[in-house]
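# Coordinate analysis (summary)
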Amino acid sequence: MKNILVTGGAGFIGSAFLRHMVAAYPEYNIICYDKLTYAGNVDNLLPVSDEENYRFERGDIADRRAVQRALEHYAIDTIVNFAAESHVDRSIIEPDAFIHTDVVGAYILLDEGRKHGIERFCQVSTDEVYGDIEVGFSVEDDRFLPNSPYAASKAGGELMARAYHVTYGMDIVITRGSNTYGPYQYPEKLVPLFTTEAMDDRPLPLYGDGKQIRDWLYVDDHARGVDCILHFGKTGEAYNLAGENQRHNIDVTRRILELLGKPASLIRHVPDREGHDRRYAMTAEKARALGWQRQYDFEDGLAATVGWYQENEWWWRKIKTGEYLEYYKRQYTERLASIR
Ligand code: NAD
Ligand code: TDX
């Protein structure tokens, strides 16, 4: 590994991975390749922007010519694909961009990667490919039952990666992370949305009864997990990066309010997300066997995260304008009005 292309590196987890890799491996050249959609944010990369071993290139992973140029210009030998449309609610409103990036984009990257003799390709996937897990824990060989257009598009992308391994012998590894939280997360997802809304004493739109369960993983643990699988994963294999820390949404919400010193009366039980998965749960045995171990427990990670949003209003206040407000209106105005 010498020249690594990190796609989607201006997003939430991709930027945490970049910040980690640039510091941990001064001997690698690390190139961020990102389209800068609404979710991509160069502010996330300010901590590394002056580093010698870091470069930024704006581009779409589904644009074959642009991918070719980047692979050739930087003599890329390794690809880590974080680039995706990542928000389930947006995939329910409009799935198009999800197919474009998560399926077609993943295919174009794989195809150009193969033609350019890439030595290792890491596809960043998600626990959502397993679907709703009523009881027990997903292991890597379980069947896929994705339920949202987002989850189905991520399943498509990683199945293509598997096919490129089996058919063409490409060196592929796959990570399946669980719900990730931490600094620099776009304020459309549960933790940053509720934290920043509560800071402004605004209502928190909790879907349905709030008893859905998610398995929470701190972003730096996710980033180190991808590093571990990239270096030590066995070719052709997938690895769960599980927080092994399941919580009901209502409990996460209450804890955020406690940390902020805000009242539980801000919670509003709004009409549920369509096709809402009740529970995700995975075991991380297989990744642990390669030496990955999460370092943050949920209490510390959530306190650090809420504290970060309190201290970094410069980062999120300017996001909560324009396109964000349009999306917020579409997603929440009717839901909130319906319970008044
Ligand atoms: P994010 O939405 O914060 O960031 C996505 C990034 O990809 C953005 O910088 C965006 O500009 C870029 N991008 C989007 N379309 C692109 C395209 N066509 N070409 C190039 N760049 C493009 O997402 P995230 O939460 O950081 O998630 C990163 C990856 O991890 C995704 O693949 C996601 O499916 C996966 N994942 C996320 C979570 C989670 O809880 N957030 C959990 C498990 C897996
Ligand atoms: O306003 C909300 N109200 C609410 O009750 C939002 C945004 C979410 N929720 C619920 C839905 C989920 O049960 O909170 C839970 C978490 O929601 P999200 O933050 O939207 O995450 P989720 O849908 O679980 O998906 C996340 O984890 C897996 C990421 O967004 C995906 O990219 C990742 O693959």
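Coordinates for the structure precede this section.
Below or above, wherever it landed, is the structure these notes cover. (Residues numbered from 1 in each chain as written. Chains lettered and ligands numbered in written order. Predicted model: local features only at pLDDT ≥ 70, side-chain atom pairs only at ≥ 80, totals over all residues. Heavy atoms only, no water.)

## Looking at the packing of helix α8 (residues 249–260) against helix α10 (residues 298–311)
Selection rule: Under this scheme, a helix contributes an axis fitted over its contacting stretch, all axes are lines through C-alpha atoms, and angles between N-to-C directions fall in the 0 to 180 degree range. Counting from the N terminus, the helices are DSSP H or I runs at least four residues long and the strands are E runs at least two residues long. Any angle between 65 and 115 degrees counts as roughly perpendicular, while under 35 counts as roughly parallel, over 145 as roughly antiparallel, and the rest as oblique. Crossing handedness: left-handed means the near helix sits turned counterclockwise from the far one by under a right angle, and right-handed means the same turn made clockwise. Any two residues whose heavy atoms approach within 4.5 Å are treated as being in contact.
Here α8 crosses α10 at 55 degrees, and the two axes come no closer than 10 Å. The angle between α8 and α10 places the two elements in the oblique class. Judged by the sense of rotation from one axis to the other, the crossing of α8 with α10 is right-handed. In this structure, α8 uses Val252, Arg255, Ile256, Leu259 and Leu260 to contact α10, whose residues at the interface are Phe298, Glu299, Leu302, Ala303, Val306 and Gln310.

## Details of the sheet that holds strand β4 (residues 78–81)
Condition: When DSSP finds two or more bridges between a pair of strands, those strands are recorded as paired.
Overall, parallel pairing links the seven strands, which are arranged β3-β2-β1-β4-β5-β6-β10 in an open sheet. In this open sheet, the two strands that pair with only one neighbour each are β3 (54–58) and β10 (237–241). Across the sheet, the mean angle separating the axes of adjacent strands is 20 degrees when strand polarity is ignored. Of the pairings in the sheet, the one linking β4 to strand β5 (residues 120–126) comprises four bridges and is parallel in character.

## Here's the deal with the packing of helix α2 (residues 64–73) against helix α4 (residues 96–115)
Running from N to C, α2 and α4 point in directions that differ by 40 degrees, and their axes come no closer than 10 Å. Accordingly, the angle class assigned to the pair α2 and α4 is oblique. Handedness of the crossing formed by α2 with α4: right-handed. Where α2 approaches α4, its residues Arg64, Val67, Gln68 and Leu71 are matched on the opposing element by Tyr107, Ile108, Leu109, Asp111, Glu112, Gly113 and Lys115.

## Considering the nonpolar core
What tends to happen in soluble globular proteins is that the nonpolar side chains get buried as a cluster. Rules: Here, the term nonpolar core denotes a set of buried Ala, Val, Leu, Ile, Met, Phe, Trp, Tyr and Cys residues that are joined through side-chain atoms within 4.5 Å. Between buried and exposed lies partly exposed: a residue is buried under 20% and exposed over 50% of the maximum accessible area for its type, with that area taken using a 1.4 Å probe on protein chains only.
Ranked by internal contacts, the top residues of the largest apolar core, which has 73 residues, are Phe17, Leu18, Met21, Val80, Phe82, Val226 and Ile256. In terms of residue count, the dominant contributor to this core is helix α1 (residues 12–24) (seven residues). Those residues in contact with phenylalanine 82, other than ones at most four positions away along the chain, are Val6, Thr7, Gly8, Ile13, Gly14, Phe17, Val124 and Val226. With 23 residues, the next largest nonpolar core counts Leu5, Tyr33, Ile118 and Tyr164 among its residues.

## Digging into the sheet that holds strand β11 (residues 246–248)
Taken in spatial order, the three strands make up an open sheet running β7-β9-β11, and their pairing is mixed. Every other strand in the sheet has two partners, leaving β7 (179–181) and β11 as the edge strands with one partner each. In this sheet, adjacent strand axes meet at a mean angle of 50 degrees when their direction is disregarded. Bridge count between strand β9 (residues 213–218) and β11: three bridges; the pairing is antiparallel. Counted as the bridge partner of isoleucine 213 is histidine 248 from β11.

## Notes on the pairing of strand β1 (residues 3–7)
Within β1, five of the five residues are buried, which leaves the element mostly enclosed by the surrounding structure. The alternating pattern of β1 places Asn3, Leu5 and Thr7 on one face and Ile4 and Val6 on the opposite face, and all of these are buried. Note that β1 and strand β2 (residues 29–34) share five bridges and pair parallel. From the neighbouring strand, threonine 7 faces β2, where its bridge partner is tyrosine 33. Bridge count for β1 against β4 is four bridges, and the pairing is parallel. By the bridge assignment, threonine 7 is partnered in β4 with asparagine 81.

## Focus: the environment of valine 22
Inspection of the secondary structure assignment puts valine 22 in helix α1. In sequence terms valine 22 and arginine 64 are 42 residues apart; their C-alpha atoms lie 26 Å from each other. Each residue touching valine 22, except ones within four places of it in the same chain, is listed here: Ile30, Val48, Glu51, Asn53 and Tyr54.

## Focus: the side chain of asparagine 81
Short version of the rule: Here a polar contact is taken to be a pair of N or O atoms separated by no more than 3.5 Å, where protein atoms must pair a possible hydrogen donor with a possible acceptor and residues adjacent in sequence count only if both atoms sit in side chains.
Topologically, asparagine 81 is positioned in strand β4. Only 2.9 Å separates the side chain of asparagine 81 from the side chain of glutamine 123, close enough to count as a polar contact. With near-sequence residues (within four places) excluded, asparagine 81 lies in contact with Thr7, Ile61, Ala106, Leu109, Phe121, Cys122, Gln123 and Val124.

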